[in-house]
Structure formats: C-alpha cells, structure tokens
Amino acid sequence: MTIHSITSDGPEPFAEVSSGFLTLLDEAAGIPGIAVRPLAALRGKVEEHAFNLVVAGEFKRGKSTVINALLGAEVLPTAVVPLTSVVTLLRHAVSPGVRVEFDSGSMLAVGLDTLADYVTERDNPGNSKGVREVVVDYPARWLEGGIRLVDTPGIGSAYQHNTEVARRYLPEADAVIFVASVDQPMSRNELDFLEGIRQHAGKVFCLLNKIDHLSEAEVQESVAFATGVLRDALGETVPVFPLSARLALQGRLANDAGLLERSRMPMFDAALRRFLTEERGAVWHHSVCQHLLRLIDEARLSAELELRAL
C-alpha cells in the first residue's frame, strides 16, 4: 500500500486523486482489525470530495454566530449561556432539512425549526437523547463544492462532556476556524487546544470576535498579543482576523453594507475564499492521507498488542 504516491501539492483534480484513494481504501478494508465505521466515513468523504471546515473554540466565543454570519441567516441556535452540545454539520442542499443521527445507529428527519431540540444543552442536557451528530442541509453559497461547516461544542465550560465531544472531532478537521474573544487574552487552555488542532488540520484561521466591545486601539493591541502568543505556541504565523460576528449577521440580514463593513467580516470572507480556491485541494489530499494512515496505524497497534498477549 503506497499512500504517498497519490498525494499532491498542486491543482490536481479531485476526481483523479479520489480514484487512487478509493483503491487504497479498498485495500485497507482487508487489514485485520481496522476500524470499519471510520473507514466507511472516510470513504464517504472521498466519494463526496467533502472538506470539513470546523469551527472551534472555548464556550461563549460566538462560534454559532460566526457560522450564521457566513451563511447570512439565523440557522444555528444561539444564547447567552453555553448552548451547543452536539456536533452540527452543515452541507449544501437545494432545500433546508435536518437529519439527526443517534448513537444507536437510527436516524430521524426533522424540521430546521426543531434543531435546538437536539443540539443544545438547554433542550438536550448532557446529550440525554443520545445524539451522535446532526446534519443540516442548507442552500447557502458558502457550502457549495463539498464544503461542510462544522459547529462544535465549546471547550472549557461547566459541561465537561462538551469539551470531550469537541476534542474527539478534531481528527475529522481539514481546516479550522478558531474563534476567540478580542476582549479576553488568549488563555493557556485555548493554546493547548490549538496545539491539538494543529496535529490534524492543514490550516488554522483565528478570529477575534466581539470587536464592537472595544476601541480601535484596544482591538489592535489584542490582535498583536494574539498573533505573538500563537506564533510562540505553534511555531508558525496564524492569520488573525478581528471582527464582530453579531454585526456581520445583522448587516447581512438587513442588507446593510455599512454595518457589514463595520463588522470587518468581509476581510475574513476574502481570505477564506482565497484559501478554498487556491489551497483546499492540497490540504484535502494531505488530510485524507493522514486519516488513512492513522486508521492503519491503530490496526497495526491492535494486532501487535494481540500478538503480545498470545
């Protein structure tokens, strides 16, 4: 099995590379002890050319509002208390719809207006309903071309299970939008989480949300501080964008260009679109390759442990 032979840093078409990956996945399926469910999920990702753009960060940083601002609609529920408790995956579709996937393996189709019943701590405390994941179909331009926006529970809240869910999803990330708050210095907990993200995601964007709470001088000071600590922690420069997701969403809902400009969301929009146009293919190739290698390595380790036991 020669995985490195199909990786690419150039503009190679998805379809051509996907064919090679599918052949490798067929071979991997014959490895004793390989995890069947993750391997099937990886196959689905390759077949759909799906790109997981994961939105992560500490609780109450505005992650759901950032996604709503990108979509230009109030799709995800928001609140003033820690709310998101279940991974919510948004993908492109002609008409809106929601599919709830349970730990039991069963699925349920529900309306978008009932989304909060399954993904929030308020209506599904401690994930008492046993929801594994919620998939939201939505007709948004941002989701075209296989882009999947993923909303994860906030880390560091009073609900420890939310942090665990967010950390477990990290290996699925191709790129990450990390949302922090401009009015709070980057914490050690956030930096540790980012270090974990960097092991999996090929690209990280950092958003400093809530700039409408500070003066321009304070915003610039916060940006400089965040840029420095991220460089020291990760050993590389991470793009940092100060913005107000709340103002951006209001501007898009009201079709108010002035409000949208004040939010500074257009600057991040442009950078994200540039990345998705110019770099997404290479990042996707690397991510799929690394994911397959992890599954094979886990199967190898399991076989070695079994041999030692025998």
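Residues numbered from 1 in each chain as written. Predicted model: local features only at pLDDT ≥ 70, side-chain atom pairs only at ≥ 80, totals over all residues. Heavy atoms only, no water.

**Digging into the overall build of the protein chain**
Point 1. A count of helical and extended segments in the protein chain gives eleven helices and nine strands.
Point 2. For the protein chain, the proportion of its 310 residues judged to be buried stands at 51%.
Point 3. Summarising the internal contacts of the protein chain: among those between residues at least 6 apart in sequence, 75% fall at separations of at least 24.
Point 4. Carbon and sulfur atoms make up 52% of the accessible area of the protein chain, which totals about 14,200 Å². (Helix = DSSP H or I, 4+ residues; strand = E, 2+ residues; numbered from the N terminus. Buried < 20%, exposed > 50% of the residue type's maximum accessible area, 1.4 Å probe, protein only. Contact = heavy atoms within 4.5 Å. Areas by Shrake-Rupley, 256 points an atom, 1.4 Å probe, with all protein chains shown as cover.)

**With respect to the pairing of strand β7 (residues 175-181)**
Point 1. Burial of β7 is extensive: seven of the seven residues sit out of reach of the surface.
Point 2. The alternating pattern of β7 places Ala175, Ile177, Val179 and Ser181 on one face and Val176, Phe178 and Ala180 on the opposite face, and all of these are buried.
Point 3. Here four bridges tie strand β1 (residues 51-56) to β7, and the two strands are oriented parallel to one another. Counterpart to Leu53 in the pairing with β7 is Ala175.
Point 4. The pairing of β7 with strand β8 (residues 203-209) spans seven bridges and is classified as parallel. Residue pairing for β8: Ala180 is matched across the bridge by Leu208.
Point 5. Regarding topology, helix α6 (residues 188-198) serves as the crossover connection from β7 to the parallel β8, and that connection is right-handed. (Pairing = 2+ DSSP bridges. Right-handed = clockwise from strand over helix to strand, strands pointing away.)

**Points about the packing of aromatic side chains**
Point 1. Counted under the stated rule, the structure contains seven aromatic pairs.
Point 2. With a centroid separation of 6.2 Å and an interplanar angle of 40 degrees, the aromatic rings of Phe178 and Phe193 are classed as tilted. Placement of Phe178 in strand β7 and of Phe193 in helix α6 is noted, with a sequence separation of 15 residues between them. Exposure class is identical for Phe178 and Phe193. Each is buried.
Point 3. Three or more aromatic residues joined by ring pairs form one cluster here, namely Phe51, Phe205, Phe241, Phe268 and Phe275.
Point 4. Over the face of the ring belonging to Tyr118 we find Lys129, whose NZ or CZ atom lies 5.0 Å from the ring centre.
Point 5. Of note, Arg273 hangs over the ring of Trp142, and the distance from its end group to the ring centre comes to 4.0 Å. (Phe/Tyr/Trp six-rings, centres within 6.5 Å; stacked < 30°, edge-to-face > 60°. Lys NZ or Arg CZ within 6 Å of the ring centre and 35° of its normal.)

**A short note on the nonpolar core**
Point 1. Counting residues in each nonpolar core, the largest one holds 61 residues, and the members touching the most others are Leu71, Leu90, Val134, Leu149, Ile177, Phe268 and Leu272.
Point 2. Here this core takes seven residues from helix α11 (residues 280-309), the largest share from any one element.
Point 3. Counting 31 residues, the second-largest nonpolar core is a separate cluster that includes Val150, Ala173, Ala226 and Val229. (Core = buried A, V, L, I, M, F, W, Y, C linked by side-chain atoms within 4.5 Å.)

**Here's the deal with the packing of helix α2 (residues 36-48) against α11**
Point 1. Between α2 and α11, whose axes approach to 11 Å, the crossing angle comes to 165 degrees. It follows that α2 is roughly antiparallel to α11 by the angle criterion. Both α2 and α11 take part in a crossing whose hand is left-handed. On α11, the residues that touch Pro38, Leu39, Leu42, Lys45 and Val46 of α2 are Trp284, Ser287, Val288, His291, Leu292 and Leu295.
Point 2. Looking at the contact of α2 with α11 residue by residue, the classes come out as eight nonpolar, two polar and one charged. (Axes fitted to C-alpha atoms, helices over the stretch in contact; angles between N-to-C directions. Parallel < 35°, antiparallel > 145°, perpendicular 65-115°, else oblique. Left-handed = near helix turned anticlockwise from the far one by under 90°. Nonpolar A, V, L, I, M, F, W, Y, C, P; charged D, E, K, R; others polar.)

**Thoughts on the pattern of salt bridges**
Point 1. Enumeration over the complete set of coordinates arrives at 18 salt bridges.
Point 2. Across the salt bridge formed by Arg61 and Glu58, the nearest N and O atoms sit 2.8 Å from each other.
Point 3. Residue class for Glu58 comes out buried when judged on its relative accessible area of 9%.
Point 4. Between Glu195 and Arg188 there is a salt bridge; the shortest N-O distance is 3.2 Å.
Point 5. Judged by relative accessible area, which is 31%, Glu195 ranks as partly exposed.
Point 6. Given a relative accessible area of 48%, Arg188 falls into the partly exposed group.
Point 7. Connected through shared salt-bridge partners, Asp26, Arg43 and Glu47 make up one network. (Salt bridge = Lys/Arg side-chain N within 4 Å of Asp/Glu carboxyl O.)

**Focus: the sheet that holds β8**
Point 1. Read from one edge of the open sheet, nine strands run β4-β3-β5-β2-β6-β1-β7-β8-β9, paired in mixed fashion. With one partner strand each, in any of the chains shown, β4 (107-110) and β9 (240-242) form the two edges of the open sheet. Ignoring which end each strand starts from, the neighbouring axes of this sheet average 20 degrees apart.
Point 2. Docked against the sheet, α6 engages β1, β7 and β8, running at close to 175 degrees with respect to β7.
Point 3. Contacts from helix α7 (residues 216-234) reach β8 and β9 within the one sheet, and its direction differs from that of β9 by about 160 degrees.

**Some remarks on the environment of Glu133**
Point 1. Note on placement: Glu133 falls in strand β5 (residues 131-138).
Point 2. Residue classification places Glu133 among the buried positions, given a relative accessible area of 12%.
Point 3. When the C-alpha atoms of Glu133 and Phe102 are compared, they prove to be 6.9 Å apart, with 31 residues separating the residues in sequence.
Point 4. Dropping the residues within four chain positions of it, Glu133 is found in contact with Val86, Val87, Leu89, Arg99, Val100, Glu101 and Tyr169.

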